[in-house]
Amino acid sequence: MSMYLTIAVIVLVFLIIFQIAKASEYVSILKGEENSRKQNNKINGFFMIAFLISGLIGVYFCHELLYKKTLFPVGSASVEGERVDSMFMLTTAVTGIVFVITQVLLFWFSFRYQEKEGRKVYYFPHNNKLEAIWTVIPAIALTVLVVIGLRNWFKFTGEAPANAQVIEITGKQFGWIMRYPGKDGVFGKKYYKNIDDGNNNYLGIVWKDSAAMNQKADPASFDDVVVTQTMYVVKGRPVKLVIGSRDVIHDVGLPHFRMKMDAVPGIPTTLWFTPKYTTKEMKEMTGNPSFQYEISCDQMCGNGHYSMKGVIEVVTDAEYKEWMAKQKPAYYAAFPEKDPTAAPAAAPADSTAKVTAMEKSK
Ligand SMILES: [Cu+2]
């Protein structure tokens, strides 16, 4: 019913516009072309000013209405992200001032210098000095902005502080896999052909010898901890992410930390930042008891792209240690018989042979 009504209203509106157009055509014939053009010109001039004023009011109104819903009021949740915020504000200020001045002039001139009886157009085809000014000033301004940006880019993607915690994060259709290097601090080798979700090898870690693929089990991989979707990091300790992908290009988007970086299959990318507040502190600061630091995929990566949400839990050092103590190396999930804490009765008879073979390969 309401659909028919909507269609009827649309048709009616079209009819009215059509009739008005028709009527004004007859009026212009009656009044004469010249007069009607001058009148139209006046109306257009008025609309230029009306558009400018309502546009400026609209910008102000949207800002009042929407600013508090953005991530700006809380500020950056990472130390390095503050640089991104200040860059953003600087760029917005520089381009914003120029935008407002040029738009006000554009619409004001259209109104103020509209066609009038006895007014002649000033012929002003070229001015070298003026062109030099409006080329050189923006060029200098943009160079400054780009240099600031490059310096920050090299900082975030460059060498992380020595005390940084290194975590590997891998995107896949559609989710995130995080790997901690374990006690040895070294990530074991991985090879994409080993990826086997059914056997808990989401990253293709080289756990086994394979003559066919010419690879030897990497002992550094045996203590690697693999978790999915939720990453734990420590407040105040720099985190270095080693970013990869299992399939297509994803992007680790960390809006609260003001960071993002593409996840590209085969080409590890890196990014580091220092979390400033724990998740608990953020819940209080935002007044939102269900606040979460989100990892959003910022690259269209397929039909499940929208659902590719990961979470970063920022905790205290003690909480982190407690959490980590509960994690089991992924190796034991794939080979339960190798787990020293597992009940020995559960181990099948041939597993002992495998252990000996693995020990020898070390
Ligand atoms: Cu994705």
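Rules used in this analysis
Residues numbered from 1 in each chain as written. Predicted model: local features only at pLDDT ≥ 70, side-chain atom pairs only at ≥ 80, totals over all residues. Heavy atoms only, no water. Buried < 20%, exposed > 50% of the residue type's maximum accessible area, 1.4 Å probe, protein only. Helix = DSSP H or I, 4+ residues; strand = E, 2+ residues; numbered from the N terminus. Pairing = 2+ DSSP bridges. Axes fitted to C-alpha atoms, helices over the stretch in contact; angles between N-to-C directions. Contact = heavy atoms within 4.5 Å. Donors = N, O, S within 2.8 Å, 3.2 Å for Na, K, Ca; no water. Tetrahedral: all angles 85-135°; square planar, octahedral: opposite > 155°, others 65-115°.

Enquirer: Help me understand the pairing of strand E5 (residues 239-245), please; the structure alone is not making it clear to me.
Expert: Along any regular strand, the residues point their side chains to alternate faces of the sheet. Burial of E5 is extensive: 6 of the 7 residues sit out of reach of the surface. Note that E5 and strand E8 (residues 269-273) share 5 bridges and pair antiparallel. Paired with Val239 across the strands is Phe273, a residue of E8.

Enquirer: How should the sheet that holds strand E6 (residues 250-254) be read in this particular structure?
Expert: Adjacent strands of a sheet form backbone hydrogen bonds with each other and so pair up, either parallel or antiparallel. Read across the open sheet, the 5 strands follow the order E4-E10-E9-E6-E7; overall the sheet is mixed. Single-partner strands in this sheet number two, and they are strand E4 (230-234) and strand E7 (259-263). Within the sheet, the average angular offset between the axes of one strand and its neighbour, ignoring direction, is 25°.

Enquirer: Looking at this structure, I do not really get the environment of Pro329. What am I missing?
Expert: Turning to its location among the elements, Pro329 is positioned in the loop between helix H6 (317-326) and helix H7 (330-334). We classify Pro329 as buried; its relative accessible area is 16%. Distance in space between the C-alpha atoms of Pro329 and Thr278 is 25 Å, their sequence separation being 51 residues. When residues no more than four places from it in sequence are discounted, the contact partners of Pro329 are Phe222, Asp223, Asp224 and Val225.

Enquirer: How should I be thinking about the coordination of the copper ion in this particular structure?
Expert: A four-donor tetrahedral metal ideally has 109.5 degree angles, and a six-donor octahedral metal ideally has angles of 90 or 180 degrees. Taken together, the protein ligands of the copper ion are His250 (ND1), Cys297 (SG), Cys301 (SG) and Met308 (SD), with distances of 2.1 to 2.5 Å. For the copper ion, the 4 donor atoms in the first shell make angles of 94 to 123° at the metal, so the coordination geometry reads as tetrahedral. Along the chain, the residues that donate to the copper ion are spaced as H-x46-C-x3-C-x6-M. Highlighted residues: His250 in strand E6 and Cys297 in strand E9 (residues 293-297), separated in sequence by 47 residues. Accessibility expressed as a relative area gives 0% for His250, which makes it buried. Classification of Cys297 as buried rests on a relative accessible area of 8%.

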